[in-house]
Amino acid sequence: MPGTLYVVATPIGNLADASPRALEVLAAADLVACEDTRTSRKLLAAHGIAARTVALHAHNERTATERLIAALREGKNVALISDAGTPAVSDPGALLVAAAHREGIRVVPVPGPSAAIAAYSAAGFAGGTFLFAGFLAAPPEKALDALDVPYPVILYEAPHRIAATVRALLERFGPEREIVIARELTKKFEEVARMRLGDAPAWLEACPHRRQGEFVLVLGPGEAKAVAPAPQPERVLELLLAALPAGEAARLAARITGAPRNALYRAALARARKP
Ligand code: SAM
């Protein structure tokens, strides 16, 4: 029998956020795959867990995945964790999870902290839809078009880029759009502040410690854009038939509307037959 791959969320700052079930699974696993074994050993030691750790990070993901899949096939249970939060969410792990599915190995999530969901839950934007965009590709200006959506957008950002990213958001979406800046969540200097985008640069500059730490941004929803009604195939065909022969009118109407050309051609001939 193959083992089970547990995908285990760990705290994003406050060690007390490790769930009893996460600790149970980590203590019972034959192997714990960690993004950084030194970081994870601190978490494990804080909870008195002496697990066998192996590294799985961005630079060895492929080879580590092969070794872990072999261990799972032999019947070992593997727990996957990252440095903080939920593995495979802007963190390594997805390759291993996908390989486990391909191999028919059972994958079990052990849910818990994630900076994105923690920030979104404390942002207060109504509605069930959001876009999780992770880290913006650099330079941020080029990646902003994809964020122009009528629902909130969650972004991760590093402290050395936070000011530039907020400026880029301000230029692209204007000063009236709302933003929530969630900083150092679950830690001693945690801040969650909701404001106009126009006020965000000054908020960041107001305290020197706001240039450090870990950040999640939640951009408020944009305006829903009016969607132009799709052109009606029959109406387009009728207009084109006033100037073109049936075959040509059907061809163009199919290209404009996406309707099947044959059906339009038959409709064009039927119209021609009508007295
Ligand atoms: N997988 C993790 C999760 O589920 O939260 C995220 C990993 S990603 C590599 C790290 C980024 O998450 C940081 O750069 C920051 O944007 C965000 N982050 C992690 N911990 C945070 C915290 N305590 N407060 C605010 N943001 C945090």
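Every chain's residues receive numbers from 1 upward, in the order its sequence appears when written. Where totals are concerned, whole chains, interfaces and linings use all residues; where local detail is concerned, this predicted model gives features only for residues with pLDDT of at least 70, and gives and counts side-chain atom pairs only at 80 or more. With hydrogens and water stripped out, all remaining heavy atoms of the structure feed into the side-chain values.

## Concerning the pattern of salt bridges
Now for step 1: For this document, the term salt bridge refers to a Lys or Arg side-chain nitrogen within 4 Å of an Asp or Glu carboxyl oxygen. Counting across every chain of the model gives 17 salt bridges.
Now for step 2: Here R38 makes a salt bridge to D36, at a shortest N to O gap of 3.2 Å.
Now for step 3: Using a relative accessible area of 60% as the deciding quantity, one classes R38 as exposed.
Now for step 4: We note a salt bridge from D148 to R172, for which the minimum N-O separation is 3.6 Å. Taken as a pair, D148 in the loop between helix 6 (140-143) and strand 7 (153-157) and R172 in helix 7 (residues 162-173) lie far apart in primary sequence, 24 residues in all.
Now for step 5: Three labels apply to residues, based on accessible area from a 1.4 Å probe with only protein chains included: buried if under 20% of the type maximum, exposed if over 50%, partly exposed otherwise in between. The class for D148 is partly exposed, based on a relative accessible area of 26%. Starting at the N terminus, helices and strands are each numbered in turn, a helix being any DSSP run of H or I of at least four residues and a strand any DSSP run of E of at least two.

## Here's the deal with the sheet that holds strand 9 (residues 191-196)
Now for step 1: Read across the open sheet, the 5 strands follow the order 6-7-10-8-9; overall the sheet is mixed. Looking along the sheet, the strands with just one partner apiece sit at the ends: strand 6 (131-135) and strand 9. In this sheet, adjacent strand axes meet at a mean angle of 15° when their direction is disregarded.
Now for step 2: Alignment of strand 7 against strand 10 (residues 215-219), held across 5 bridges, turns out to be antiparallel. Any two strands between which DSSP finds at least two bridges are classified as paired. Simply put, an axis is a line fit to the C-alpha atoms, just over the touching stretch for a helix, and the angle between two N-to-C directions goes from 0 to 180 degrees.

## Here we look at the nonpolar core
Now for step 1: The criterion is simple. A nonpolar core is a set of buried Ala, Val, Leu, Ile, Met, Phe, Trp, Tyr and Cys residues joined through side-chain atoms within 4.5 Å. If you look at the biggest cluster of nonpolar residues, it comprises 23 residues, and the most contacted ones within it are L147, L169, I181 and L217.
Now for step 2: At the level of secondary structure, the elements contributing two or more residues to this core comprise strand 7, helix 7, strand 8 (178-183), strand 9, helix 8 (200-205) and strand 10.
Now for step 3: With 5 residues, helix 7 is the single largest residue contributor to this core.
Now for step 4: Here, residues are in contact when the closest pair of their heavy atoms is within 4.5 Å. With near-sequence residues (within four places) excluded, L147 lies in contact with L131, A133, L136, V153, L155, L169 and F173.
Now for step 5: Counting 17 residues, the second-largest nonpolar core is a separate cluster that includes A64, A71, L96 and A99.

## Brief notes about the packing of helix 10 (residues 246-257) against helix 11 (residues 261-273)
Now for step 1: Packing of helix 10 against helix 11 brings their axes to within 8 Å, and their N-to-C directions diverge by 135°. By the criterion of interaxial angle, the relationship of helix 10 to helix 11 is oblique. Judged by the twist between their axes, the crossing of helix 10 over helix 11 is right-handed. For the pair formed by helix 10 and helix 11, the contact residues are A246, G247, A250, R251, A253, A254 and T257 on the first element and R261, L264, Y265, A268 and L269 on the second. Every angle not falling under 35 degrees, over 145, or within 65 to 115 is termed oblique; those three ranges are roughly parallel, roughly antiparallel and roughly perpendicular. Each crossing is labelled by how the near helix is turned from the far one, with a counterclockwise turn of less than a right angle marking it left-handed and a clockwise turn marking it right-handed.

## Side note on unusual backbone geometry
Trans is the common state for peptide bonds, and a negative phi is the common state for residues other than glycine.
Now for step 1: In this structure, A88 takes a positive phi of about 70° despite not being glycine.
Now for step 2: Turning to its location among the elements, A88 is positioned in the loop between strand 4 (78-80) and helix 4 (94-102).
Now for step 3: Judged by its relative accessible area of 33%, A88 falls in the partly exposed class.
Now for step 4: The residue S90 is not glycine, and still its phi comes out positive at about 50°.
Now for step 5: Note that S90 resides in the loop between strand 4 and helix 4.

## What to know about the domain arrangement of the protein chain
Now for step 1: Its domain assignment divides the protein chain into domain 1 (4-113), domain 2 (116-219) and domain 3 (233-273).
Now for step 2: With centres defined by C-alpha atoms, the gap from domain 2 to domain 3 works out at 50 Å. For the domain bounds, the source is a domain assignment made automatically or taken from a database.

## Brief notes about the sheet that holds strand 4
Now for step 1: Pairing in this open sheet of 5 strands is parallel, and the strands run 3-2-4-1-5 from one edge to the other. At either end of the open sheet lies a strand with only one pairing partner, and these are strand 3 (53-55) and strand 5 (106-110). Within this sheet the neighbouring strands show an average axis-to-axis angle of 25°, counted without direction.
Now for step 2: Both strand 2 (residues 31-34) and strand 4 contribute to a ladder of 3 bridges, which runs parallel. Residue pairing across strands places A33 opposite L80, the latter belonging to strand 4.
Now for step 3: Helix 2 (residues 37-46) rests against strand 2 and strand 3 of the sheet, and its axis sits at about 155° to strand 3.
Now for step 4: Helix-sheet contacts for helix 4 involve strand 1 (4-8), strand 4 and strand 5, and the interaxial angle to strand 1 is about 150°.

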